[in-house]
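Listed here are the chains, written in short residue letters.
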Amino acid sequence: MQPIIHKAAIALNINPVSLGISPGDRALLSLNSDTTISVFVERPSRLPLGFGKPRVVLLGTLGARATDILLPALECKADFRVRIIEVEPAHISRTGRASVYVSVWGNPADIVRPKDSRVIFTRSRINDPVPTKSDD
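Please read all numbers here as calculations on a predicted model, not as lab measurements.

Thoughts on the overall build of the protein
Per the secondary structure count, the protein includes two helices and six strands. Along its sequence from the N terminus, the protein presents helices and strands in the succession β-α-β-β-β-α-β-β. Taking all 136 residues of the protein together, the buried fraction comes to 28%. Contacts in the protein between residues far apart in sequence, at least 24 positions, make up 61% of those at least 6 positions apart.

Structural data, given as structure tokens:
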């Protein structure tokens, strides 16, 4: 695996500090029907002694640039390793809003879009044979 996106910001839907998200946590990507990419994190069960299933929580969505890069690979169900690399709480941020950044690793061959085969030469009337009277 190689780095595909070194650092991408997430448009947050929830406060990351209240979820206890920290750098190094695993994240999951999901392609939505409107071609946006949602980022989910898996949180452990809140039951005592670790009983119960872990819950998957929607953290937010990736930006347009990261979506353009990852869209072809997510359409063909490529395998990614996504990790939270930075969490900035609202009280530390200059903007007053919390922010979370992720790193995406995968196979670079998966993100390459198939190129359109363009015709170099177009058909022209110059090279066409002259129609005879019987062809009309």
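Digging into the sheet that holds strand β1 (residues 2-12)
Taken together, six strands build a closed barrel; the order of strands is β1-β4-β3-β2-β5-β6 and the barrel is antiparallel. Across the sheet, the mean angle separating the axes of adjacent strands is 45° when strand polarity is ignored. Note: strand β2 (residues 26-31) against strand β3 (residues 37-43), five bridges, orientation antiparallel. Within β3, the position partnered with S30 by the bridge is S38. Packed on one face of the sheet, helix α2 (residues 64-75) meets β1, β2, β3, β4 (55-62), β5 (80-88) and β6 (99-106) and runs near 120° to β1.

Topic: the pairing of β5
Here β2 pairs with β5 via two bridges, running antiparallel. Bridge pairing in β5 places R26 opposite R83. Judged from the eight bridges that link them, β5 and β6 form a sheet pairing that is antiparallel. Residue pairing across strands places F80 opposite G106, the latter belonging to β6.

Some words on the nonpolar core
Counting residues in hydrophobic clusters, the biggest one holds 25 residues, and the most contacted among them are L29, V41, L59, L62, L70 and F80. Discounting chain neighbours no more than four positions away, the residues touching L59 are I10, A11, L12, N13, I14, L19, I21, V39, F40, V41, I84 and V100.

Regarding the packing of aromatic side chains
According to the stated counting rule, one finds zero aromatic pairs in the structure shown. Above the face of the Y101 ring, K7 is positioned so that its terminal group lies 4.6 Å from the ring centre. A cation sits over an aromatic face here: R81 above W105, 5.6 Å from the ring centre.

Quick look at a nonpolar patch on the surface
Among the surface-exposed residues, L47, L49 and F51 lie close enough to one another that they form a single nonpolar patch of about 380 Å² accessible area. With respect to the secondary-structure elements, L49 resides in the loop between β3 and β4. Relative accessible area serves as the criterion here: at 79%, L49 is assigned to the exposed category.

Conventions and cut-offs
Residues numbered from 1 in each chain as written. Predicted model: local features only at pLDDT ≥ 70, side-chain atom pairs only at ≥ 80, totals over all residues. Heavy atoms only, no water. Helix = DSSP H or I, 4+ residues; strand = E, 2+ residues; numbered from the N terminus. Buried < 20%, exposed > 50% of the residue type's maximum accessible area, 1.4 Å probe, protein only. Contact = heavy atoms within 4.5 Å. Pairing = 2+ DSSP bridges. Axes fitted to C-alpha atoms, helices over the stretch in contact; angles between N-to-C directions. Core = buried A, V, L, I, M, F, W, Y, C linked by side-chain atoms within 4.5 Å. Phe/Tyr/Trp six-rings, centres within 6.5 Å; stacked < 30°, edge-to-face > 60°. Lys NZ or Arg CZ within 6 Å of the ring centre and 35° of its normal. Patch = residues over 30% accessible without salt bridge, like charges linked within 9 Å, V, L, I, M, F, W, Y side chains within 5 Å. Areas by Shrake-Rupley, 256 points an atom, 1.4 Å probe, with all protein chains shown as cover. Salt bridge = Lys/Arg side-chain N within 4 Å of Asp/Glu carboxyl O.

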